[in-house]
Amino acid sequence: SHHNPPFSDKNIMFSFTRRLFSTKPNNVGRQIISSTPTLSPTALQVAPTQVTTLDNGVRVVSEERRGETASVGVFIKAGSRNESKANNGVAHFLEHMYFKGTSRRSGKDLEVEYENAGAFLNGHTAREYTAFTSHCLSSDLERSVDSLSDILLHSKFDPVLIERERSTILHEYEQVNQSIEEVLFDKLHERAFPKSSLGYTILGPEENIKNLTRIDMMDFRDRYYTGNRMVVAGVGNIDHEELVEIAQKKFESVPRGDSTFTDSAPAEFLGGDYIHSNDDIPLFHCCVGFEGPSIRDNDILVLNLIQLLCGHYDRSMGAGRYVSSPLCRRIAELGLARSVTPFNHAYTDRGLFGLHLVGDGGEDTQWLLLEAVGGIVKLGHSLTQPQLARVKNLLKAQLLTQTEGNLDNVVEEVGRQVLFYDRRVSPAEFVDRIDQITVEDVQRVIDQYVFDKEPVVAAIGNTFNYPDYSWVRSFTSTWKY
């Protein structure tokens, strides 16, 4: 099991295909990603994505790649976002239990089977979806899909094994709470969305982990693990018709689900701060975030360019004044931070983006926040065409590297996109839309989401010199030109 935030720092460069965008100003009808635009004649030619919807609503998707291996996964639109305070953590606990044995395979049998086949089986829970994936030889496709369907449809959820896994998850909970970065982003979400389940952690509180029951897991599974919320995706040396035939046979018993069923209410973003002083943490660890566009909003691609314009700085790299980002270069020259990293977490109705800062916690802490927040505001209004062209090329290169890279990463992108956008977004479309973005688009998005807006702040460690929130709020309108 992996506990990674859906858009954690480590995924910044390769996560933009999870979020979508527009180059249209606000006074023009805004598009959502479910509509396919007309591409230019020079658009990239790539292997087509084939999609078939089974009678019970399960979508089967494939993309052919040369080679002798394949990655196949099942993606379910259910995560901590779909929980309540009472059962927060159940999606993650349920994901763990799917690996503990079925009526046909014990947990040990499953491990031995995959080892003998030279294949890999993984699962992870995010805020809005859960994924189970397998990397295997192409000749092993049917066995992999069979095992995925078996654990999802026929797991036993043995009460003895539930208690044993409870101890494992409590240990994982302790490990997560020792990670400053994990805690920082969890607290940032909690403070930004205090009235919504979007603010819940993926593991849930310790009390819930200790008390969740088998019935809680069955209720969550029956409510959310339905055909209309499920995608079976395969990438590699795969024949689409064969994958459809296998999926039809293995997943036909999945109930369709209620088409009138709605997810949790839209999340309301609230500015404010969470400050936790800890003498055992010598540095100032801080995230400054702003409300961002939703996962289906077309401005997401503009925001990805803004991330690249903000840049990344780490004092240990030694680049300092030679980094290309004006924001990071100034912070480096003034010696205000040990590191600066942009982040962007996008969800179905809201987003959360900003900068992750690590400083010494000295008297220059407020200047670090001023340069960081004010630097974003200033960025759009000092942007030149060569700077924009540079980050466009960088974004395209990252996109194409992702598309042509590891099959496990590609199948994750394919599954998520079909799950949330109802279609696969082609690299050709991304490149075409990147080319259309203008300096004015960047200025507009910064003005819309950052300039004179309420930030949300989470800070941990040496926070003695953190200024009052009202100061940080004022930094959003300090510099514009």
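Placed above this text is the structure.
Residues numbered from 1 in each chain as written. Predicted model: local features only at pLDDT ≥ 70, side-chain atom pairs only at ≥ 80, totals over all residues. Heavy atoms only, no water.

Engineer: An account of the packing of aromatic side chains is requested, with residue identities and associated values reported.
Structural biologist: Going through the model one piece at a time under the given rule, you end up with 10 aromatic pairs. Between tyrosine 98 and phenylalanine 157, the ring centres sit 5.5 Å apart and the planes meet at 70°, which makes this aromatic pair edge-to-face. One end of the pair, tyrosine 98, is in the loop between α1 (90-97) and α2 (107-117); the other, phenylalanine 157, is in the loop between α3 (141-154) and α4 (159-177), and 59 residues separate them in sequence. We classify tyrosine 98 as buried; its relative accessible area is 0%. For phenylalanine 157, a relative accessible area of 1% gives the class buried. Look at phenylalanine 185 and phenylalanine 343: their rings are 5.1 Å apart centre to centre, the planes differ by 90°, and that puts the pair in the edge-to-face class. With phenylalanine 185 in helix α5 (residues 180-192) and phenylalanine 343 in strand β10 (residues 339-346), this residue pair connects regions lying 158 residues apart in the sequence. By way of ring pairs, the aromatic residues Tyr98, Phe99, Phe132, Phe157 and Tyr225 are connected into one cluster. Over the aromatic face of tyrosine 114 sits the side chain of arginine 143, whose NZ or CZ is 4.2 Å from the ring centroid. (Phe/Tyr/Trp six-rings, centres within 6.5 Å; stacked < 30°, edge-to-face > 60°. Helix = DSSP H or I, 4+ residues; strand = E, 2+ residues; numbered from the N terminus. Buried < 20%, exposed > 50% of the residue type's maximum accessible area, 1.4 Å probe, protein only. Lys NZ or Arg CZ within 6 Å of the ring centre and 35° of its normal.)

Engineer: Could you give an account of the environment of valine 74, naming the residues involved and the relevant values?
Structural biologist: Tracing the sequence through the fold places valine 74 in strand β3 (residues 69-76). Among the residues examined, valine 74 registers a relative accessible area of 1% and is labelled buried. Sequence-wise, valine 74 and glycine 123 are 49 residues apart; in three dimensions their C-alpha atoms are separated by 9.5 Å. Excluding residues that lie within four positions of it along the chain, valine 74 makes contacts with Thr130, Ala131, Phe132, Leu148, Leu152, Met230, Val231, Val232 and Phe251. (Contact = heavy atoms within 4.5 Å.)

Engineer: Any details on the packing of α3 against helix α8 (residues 240-251)? Residues and values, ideally.
Structural biologist: Between α3 and α8, whose axes approach to 10 Å, the crossing angle comes to 25°. Taken together, the axes of α3 and α8 are roughly parallel relative to one another. As for how α3 packs across α8, the hand of that crossing is right-handed. For the pair α3 and α8, the contacting residues are Leu141, Glu142, Val145, Asp146, Leu148, Ser149, Leu152 and Leu153 in the first and Leu243, Ile246, Lys249, Lys250 and Phe251 in the second. Classifying every residue of the contact of α3 with α8 by side-chain character gives 8 nonpolar, 1 polar and 4 charged. (Axes fitted to C-alpha atoms, helices over the stretch in contact; angles between N-to-C directions. Parallel < 35°, antiparallel > 145°, perpendicular 65-115°, else oblique. Left-handed = near helix turned anticlockwise from the far one by under 90°. Nonpolar A, V, L, I, M, F, W, Y, C, P; charged D, E, K, R; others polar.)

Engineer: Quick one: what's the story with helix α13 (residues 407-421), residue by residue and with numbers?
Structural biologist: Between its terminal C-alpha atoms α13 stretches 20 Å, which fits the 21 Å expected from 15 residues at 1.5 Å a residue. Burial analysis of α13 places 13 of its 15 residues in the buried class, the great majority of the element. For α13, the N-terminal capping position is held by asparagine 406, with its side-chain oxygen 2.7 Å away from the main-chain nitrogen of aspartate 408. Following α13 by one or two positions, aspartate 422 has its phi on the positive side, about 65°. (Expected span 1.5 Å × (residues − 1). Polar contact = N/O pair within 3.5 Å; in protein donor to acceptor, adjacent residues only side chain to side chain.)

Engineer: Can you break down helix α7 (residues 214-224) residue by residue, with the values?
Structural biologist: Count 3.6 residues to each turn of an α-helix, and residues three or four apart come out pointing the same way. Taken together, the buried positions of α7 are Met217, Met218, Phe220, Arg221 and Tyr224. The arc enclosing the buried residues of α7, seen along the axis, measures out at 165°, which places them on a common side. Where α7 is buried, its residues meet β3, α1 and α4. (Arc of directions from axis to C-beta.)

Engineer: Describe in detail a negative patch on the surface, supporting the description with residues and values.
Structural biologist: On the surface, a cluster of negative charge is contributed by Glu64, Asp239, Glu241, Glu242 and Glu245. In terms of residue count, α8 provides more of the negative patch than any other element does, 3 residues in total. Along the chain, aspartate 239 falls in the loop between β6 (230-236) and α8. (Patch = residues over 30% accessible without salt bridge, like charges linked within 9 Å, V, L, I, M, F, W, Y side chains within 5 Å. Areas by Shrake-Rupley, 256 points an atom, 1.4 Å probe, with all protein chains shown as cover. Salt bridge = Lys/Arg side-chain N within 4 Å of Asp/Glu carboxyl O. Lys, Arg positive; Asp, Glu negative; His and termini not counted. Charge placed at Lys NZ, Arg CZ, Asp CG, Glu CD.)

Engineer: Tell me what's going on with the sheet that holds β3, and back it up with residues and numbers.
Structural biologist: The mixed open sheet is built from 6 strands, whose spatial order is β1-β2-β6-β3-β5-β4. The open sheet is flanked by β1 (49-53) and β4 (120-125), the only strands paired with a single partner. Each neighbouring strand pair of the sheet contributes to a mean axis angle of 15°, computed without reference to strand direction. When strand β2 (residues 59-64) meets β6, the two strands line up parallel, connected through 6 bridges. Residue pairing for β6: serine 62 is matched across the bridge by glycine 234. (Pairing = 2+ DSSP bridges.)

Engineer: Give me the nonpolar core: which residues, what numbers.
Structural biologist: Judged by nonpolar contacts, the single largest core of 72 residues is most densely connected at Val340 and Val442. Among the elements that line this core, the one with the most residues is helix α9 (residues 300-310), at 9 residues. Setting aside anything within four residues of it in sequence, one finds valine 340 in contact with Gly311, His312, Tyr313, Leu327, Cys328, Ile331, Leu355, His356 and Leu357. Among the nonpolar cores identified, the runner-up in size contains 46 residues, and Cys136, Val145, Ile169 and Leu243 belong to it. (Core = buried A, V, L, I, M, F, W, Y, C linked by side-chain atoms within 4.5 Å.)

Engineer: Account for the sheet that holds strand β11 (residues 351-359), naming residues and giving values.
Structural biologist: Pairing is mixed in the open sheet, where 6 strands are placed in the order β7-β12-β8-β11-β10-β9. Two strands close off the open sheet at either side, each with one partner strand: β7 (272-277) and β9 (313-314). In this fold helix α10 (residues 326-333) packs onto β9, β10 and β11, with an angle of close to 145° to the strand it touches most, β10. Contacting β8 (284-292) and β11, helix α11 (residues 365-381) runs over the sheet at an angle of about 25° to β8.

Engineer: Describe the pairing of β2, listing the residues and the values that go with them.
Structural biologist: Look at any regular strand and the pattern is simple: side chains alternate between the two faces of the sheet. By the criterion of burial, β2 is predominantly enclosed, with 5 of the 6 residues buried. Looking at chain direction, β1 and β2 are connected through 5 bridges and run antiparallel. By the bridge assignment for β2, glutamine 50 is matched with serine 62.

By themselves, these are just geometric observations and shouldn't be taken as functional.
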